[in-house]
Amino acid sequence: MEYKIIEKDCYQFLKMKSEPEIDFTFLDPPFNQGKKYRLHNDSMLESDYWKWMEDICSHLFRLSTNGAAIYFMQREKNVDYVMNVLRKTGWVFQNLIIWKKKTSAIPSNIRFSKSYQIIVFATKGLRPRVFNKLRIDPPLINGYKPRDNGIYIPDVWDDIRELTSGYYAGDEVIRFDNGERVHNQQSPIALLLRMILSSTNPGDYICDPFCGTGTTLSVALQTNRKSIGIEKDSVNIRCIKKRLTNIGSSDLIDKYRYLYRFTPKLNQIWPEFKNENMEFNTIVA
């Protein structure tokens, strides 16, 4: 299955494209909260930041097929901004997903600590071109009995742990030889798997404009979807290449198949991964 890695600023790349071919976008940009990136200023003026997001969402809308999905992840305090940007650029709201991450931020002296992020699911048009109703076997509260065929996934996801909180990170986090993280905001494989299985079918075309360390591309590859990842940091690019040409045990998605075993036609949505079908295409644009 083909995937492409574009080494370029995503806005500069997207504005050059013309054909609507994207079926799914995962948009997880820097959150503009002063974090250190090698090639990005994460302390932009708020007005400039949201104009940047609007421009990117507008190009993604233009380049998406009818009914295509976008999943826009952000901080909880920015819900209004995200909804406004998507609305202004033509996207139709479907769900506000609460990703409860099983961890929390450093406690504040003036408000409750934060343990979730928001993901806005929207589509190009009133109805999604694909929506697979996944069923899972969820974690149970003490005293509750499991259902015989699981439950449909709701809009609160509390069974996926983040990778950015100390000893909870686990071995999925990609690190340099000195133990430092390659990327401070690496998303979990399990999170991308859920979105991609829900809103795409095998052969669909997936886009990640802020590709980071390539989690989206790894899941797309293993679920038989085509993908394009855009990333301007050459350090991240080298990491993505290494990650995708040698899928490590922590990245393998088959360990999650049992969780989704009650999903109708699961084998059609999630076919067996065959590494020999991979086509590698890296473009420095």
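Just above, that's the structure.
Report on the accompanying structure. Predicted, not measured: the structure shown is a model, and the values here were computed from it. (Residues numbered from 1 in each chain as written. Predicted model: local features only at pLDDT ≥ 70, side-chain atom pairs only at ≥ 80, totals over all residues. Heavy atoms only, no water.)

## Thoughts on the packing of helix H5 (residues 215–222) against helix H6 (residues 234–245)
Line of reasoning, step 1. Direction vectors running N to C along H5 and H6 enclose 20°, while the axes themselves pass 10 Å from each other. When the axis of H5 is compared with that of H6, the two are roughly parallel. The way H5 lies across H6 gives a crossing that is right-handed. Contacts from Thr215, Leu217, Ser218 and Leu221 in H5 reach Ile240, Arg243 and Leu244 in H6. (Axes fitted to C-alpha atoms, helices over the stretch in contact; angles between N-to-C directions. Helix = DSSP H or I, 4+ residues; strand = E, 2+ residues; numbered from the N terminus. Parallel < 35°, antiparallel > 145°, perpendicular 65-115°, else oblique. Left-handed = near helix turned anticlockwise from the far one by under 90°. Contact = heavy atoms within 4.5 Å.)

## Concerning the environment of Gly150
Line of reasoning, step 1. Position of Gly150 among the secondary structure elements: in the loop between strand E6 (135–136) and strand E7 (151–152).
Line of reasoning, step 2. Between the alpha carbons of Gly150 and Tyr260 there is a distance of 8.6 Å; along the sequence they are 110 residues apart.

## So, H5
In an α-helix, one turn spans 3.6 residues; hence positions three or four apart end up facing the same way.
Line of reasoning, step 1. Taking burial as the measure, the 8 residues of H5 include 8 buried ones, the bulk of the element.
Line of reasoning, step 2. Residues of H5 that are buried sit in contact with strand E1 (2–6), strand E2 (22–27), helix H4 (189–199), strand E9 (205–208), strand E10 (226–230) and H6.
Line of reasoning, step 3. Backbone geometry just downstream of H5 places Asn224 in the positive-phi region, at approximately 65°. (Buried < 20%, exposed > 50% of the residue type's maximum accessible area, 1.4 Å probe, protein only.)

## Here's the deal with unusual backbone geometry
Line of reasoning, step 1. One non-glycine residue with positive phi stands out, namely Asn224, at about 65°.
Line of reasoning, step 2. The phi torsion at Lys265 lies on the positive side, around 55°, for a residue other than glycine.
Line of reasoning, step 3. Relative to the elements of secondary structure, Lys265 occurs in the loop between H6 and helix H7 (266–269).

## Focus: the pattern of salt bridges
Line of reasoning, step 1. Using the criterion set out here, one finds 12 salt bridges in the structure.
Line of reasoning, step 2. The salt bridge involving Glu2 is made with Lys4; its shortest N-O contact spans 3.8 Å.
Line of reasoning, step 3. The shortest N-O distance in the salt bridge between Arg243 and Asp251 comes to 2.6 Å. Across this residue pair, the class does not change: Arg243 and Asp251 are buried.
Line of reasoning, step 4. One network of salt bridges, in which partners are shared, links Asp23, Arg129 and Asp204. (Salt bridge = Lys/Arg side-chain N within 4 Å of Asp/Glu carboxyl O.)

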